Amino acid sequence: MTIQNTILRNSKNFSYGLNAISVGSQKLNTINQCRSAIQLGSKSSVTPGDIRSYNTSNVDVGKVKTNFPKPFVFKNNERNSIIELFSQITVNPYKNYQDFNAEVKSILQRPELQRFTEACDKYNQTPKIDQPIFYATNCPVDRELPVLGFDNPVQAKRDNKSTFVAEAFLLAYALAASQEPIGYINVNEGDIFQDIKPLKGMENTQSQKALNTINFHKDLANHFVRPDWVNILGIVGDPRNNILTTFVDNKTLLSILPEHVINELQQKSYHTPFDDLTVLKGSKKLGEADVHPIIGGKGPSDIRFFENRTKGLTPQSQDAINQLTNALHTLKVGINIQPGVFVGAANNECTHGKEVIEIKDKESAKERWLMKTVNVESLEEHKKYILNGQERIING
């Protein structure tokens, strides 16, 4: 499928890459007509949604709220220059990650990225317990993208995506933030760059392939290799559909929980099954997940939890889960991630989810596409779990 067909098919409502396509019933017969009607960077571009705080629990915590930062905003000329630089990369990251990494690392030294790398350096000095989120808007995204469809989007991406701007940006952030991207053999066969994209047959799961709400969780909450960061970039979206990526910072969350609840959550009295994607699509069988505490692990603010999947093994531990869940829905903030919006989240210092508020167009919701990486502080720390012959692919 050509990009022309991609744009024509979605010219009424979709946002593709930098092109915020919302031109009513006007028929656009060529890519250039699409672009002239839209004008990159013009007032017709989709404006990233406001950060929304919304309490859907029955608890009133007054002025206490989740700590979400102001965004780093790429200037239009920066964004366009970076797109050009990244578009010149011919190495396919799905076939040769090592060489792709080298090219991105070289481009990262260019002056066009200086302001961005300085912002990353500044964030690196911030304790993640105080600010677990790096938020950026107007980020570089591929100008032309294939339609991935609902049947096999991962293969459609591998076969038809001809530029790798989004992948390069996610890797550039990882390099600038001193993070190591990893893949899992049970997730898209080890691809470093994963897609939050609905998939037929998994649309009702609690995974990145879901079409519906994904409850609050820490990514891979009970896996033997739990990522330290989850970084998400908007690729394709329909702003009419109110689909929020939700966050709560753990520091604020712990501050409103009673001491006896925190004490209970620190006990080894909980079980979280391995995630749906690992179990349903993975080739590596992992057996039974371990019993674990919810609070603790990587650090005192680490919350290993997946709402409605993590179960307490005693009445007291289940009651503590109920209070934790209520607190999450008291403090949550949400953002409708549209193309060019980036959120980098410290997986040990915040909890996130996806909440479907309203769908105006179900077909366009199936085409919603966010790209993500899951990163760790150190590959050496997880060396015993890395697949033989690989540098950063986890055998599980």
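Scroll up to find the structure this text is about.
This write-up is about the structure you can find in this document. Every chain is numbered on its own, with residues counted from 1 as its sequence reads. Only residues with pLDDT of 70 or above have their local features reported here, since the model is predicted, and side-chain atom pairs are shown and tallied only from 80 upward, although totals for entire chains, interfaces and linings are computed over all residues. Note that the side-chain values use all heavy atoms of the structure and ignore hydrogens as well as water.

Attention shifts here to the pairing of strand E16 (residues 350–358). The two faces of the sheet receive side chains in turn, since in a regular strand these alternate between them. Note: two strands are recorded as paired if DSSP finds a minimum of 2 bridges between them. Numbering of helices and strands starts at the N terminus; helices are DSSP runs of H or I of at least 4 residues and strands are runs of E of at least 2. With 2 bridges joining them, strand E8 (residues 214–217) and E16 adopt antiparallel strand pairing. Each bridged residue has a counterpart across the sheet, and for Ile214 the counterpart in E16 is Lys354. One ladder, built from 8 bridges, connects strand E10 (residues 242–249) with E16; its direction is antiparallel. If you follow Asn242 over to E16, its bridge partner there is Glu358.

Right, let's talk about the nonpolar core for a bit. Throughout this description, the term nonpolar core refers to a set of buried Ala, Val, Leu, Ile, Met, Phe, Trp, Tyr and Cys residues connected via side-chain atoms within 4.5 Å. Burial here depends on accessible area, computed with a 1.4 Å probe over protein chains only, as a share of the maximum for the residue type. Under 20% is buried, over 50% is exposed, and the range in between is partly exposed. In this structure, Phe86 and Phe134 are the most contacted members of the largest nonpolar core, which totals 46 residues. Here this core takes 9 residues from helix H7 (residues 165–176), the largest share from any one element. Only heavy atoms enter the contact rule, under which two residues are in contact if any of them lie within 4.5 Å. Setting aside its immediate chain neighbours within four residues, Phe134 contacts Phe72, Phe116, Ala119, Cys120, Tyr123, Tyr173, Phe342, Val343 and Gly344.

Tracing the sequence through the fold places Gly149 in the loop between strand E5 (133–137) and helix H6 (153–160). Sequence separation between Gly149 and Lys197 is 48 residues; the distance between their C-alpha atoms is 9.3 Å. Every residue in contact with Gly149, bar those within four places of it in the chain, is listed here: Lys197, Pro198 and Glu367.

None of this, on its own, says anything about what the molecule does.
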